[in-house]
Amino acid sequence: MGRIGATLTGIERTLLNRLADANTAIAVSSLRLVTNQKINAPSDDPSGFFTLSNFQNQLSVVTKTLTNVTAATKQVSDAQSALDEIRTQLNTIRTKAVADQDQTLTADARAANQAAIDTAINRINELATTKFGSRRLPDRSPSLQATGLHPAHILPTDGYHRRLATP
């Protein structure tokens with residue numbers, strides 16, 4: 001007569017270990033399917049995880065840079081539109097001023113031209129005070145921002161440019 005007990009034979013232990021391995025593999029495969037990533041933890045592939053982490057950091061930098069470039073492109077586009085408008089107004093002023101060069105216009109025509117010139121000057125003044133980002137376009141004020149440097153290392157060279165001081 002055999003003994004009834006809680007002992008497992010070698011085959012039963014092997015089967016239970018294989019079942020646990022299969023359950024672990026199913027869990028890892030399910031996680032990969034859900035996250036759509038082959039590497040989810042450093043234990044999956046240590047060198048691959050490190051490489052993936054570096055790529056994700058680079059992607060983050062590139063994404064932020066692209067956002068900044070897009071914002072700068074919009075600012076430049078807005079500034080170009082304003083400059084084109086100023087150029088148009090200056091051409092209007094020149095055309096109206098030259099129209100009476102030979103003194104053949106009537107007083108009413110001169111008054112109309114002067115009104116058009118005044119309107120163009122007012123429009124130019126409006127455009128000149130418009131801010132693009134944090135500064136006005138035509139004022140050429142210095143807006144250098146240096147990060148990682150001590151302010152004493154940046155010296156003004158003229159009213160519009162700055163240079164780095166030599167240590």
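For the structure, check the block above.
A. Quick look at the side chain of glutamine 89. Note that glutamine 89 resides in helix α2 (residues 46–98). In this structure glutamine 89 comes out as buried when scored by relative accessible area, which is 13%. Ignoring anything within four residues of it in the chain, the contact list for glutamine 89 reads Ala120, Arg123 and Ile124.

B. Focus on the nonpolar core. Listed in full, the seven residues of the largest apolar core are Ala82, Ile86, Ile93, Ile117, Ala120, Ile124 and Leu127. Secondary-structure elements contributing two or more residues to this core are α2 and α3 (107–129). In terms of residues, this core owes the most to one element, α3, which gives four residues. Once residues lying within four places of it in the same chain are set aside, the contact partners of leucine 127 are Ala82, Glu85 and Ile86.

C. Representation of α2. Counted at 1.5 Å a residue, the expected span for α2 with its 53 residues is 78 Å, and the 77 Å between its end C-alpha atoms agrees. All of the buried residues along α2 are Gly48, Ala79, Ala82, Ile86, Gln89 and Ile93.

D. Quick look at unusual backbone geometry. The backbone of glutamine 103 shows a phi angle near 60°, a positive value even though the residue is not glycine. Relative to the helices and strands, glutamine 103 resides in the loop between α2 and α3. Since its relative accessible area comes to 55%, glutamine 103 is described here as exposed.

E. View of α3. With 23 residues, α3 extends 33 Å from end C-alpha to end C-alpha; this agrees with the ideal 33 Å at 1.5 Å per step. Those residues of α3 not exposed but buried are Asn113, Ile117, Ala120, Ile124 and Leu127. Residues of α3 that are buried make contact with α2.

F. Here's a closer look at the side chain of asparagine 113. On the secondary structure map, asparagine 113 appears in helix α3. You can call asparagine 113 buried: its relative accessible area is 13%. With residues near it in sequence (within four places) discarded, asparagine 113 still touches Lys96, Ala99 and Leu105.

G. Looking closely at the pattern of salt bridges. If you walk through the whole model with that rule in mind, you get four salt bridges. A salt bridge links glutamate 85 to arginine 123, with the shortest nitrogen-to-oxygen separation between them at 3.7 Å. Pair noted here: glutamate 85 is in helix α2 and arginine 123 is in helix α3, with a separation of 38 residues, a long-range link. Judged by relative accessible area, arginine 123 falls into the partly exposed class, the value being 31%.

What counts and how
- Residues numbered from 1 in each chain as written.
- Predicted model: local features only at pLDDT ≥ 70, side-chain atom pairs only at ≥ 80, totals over all residues.
- Heavy atoms only, no water.
- Helix = DSSP H or I, 4+ residues; strand = E, 2+ residues; numbered from the N terminus.
- Buried < 20%, exposed > 50% of the residue type's maximum accessible area, 1.4 Å probe, protein only.
- Contact = heavy atoms within 4.5 Å.
- Core = buried A, V, L, I, M, F, W, Y, C linked by side-chain atoms within 4.5 Å.
- Expected span 1.5 Å × (residues − 1).
- Salt bridge = Lys/Arg side-chain N within 4 Å of Asp/Glu carboxyl O.

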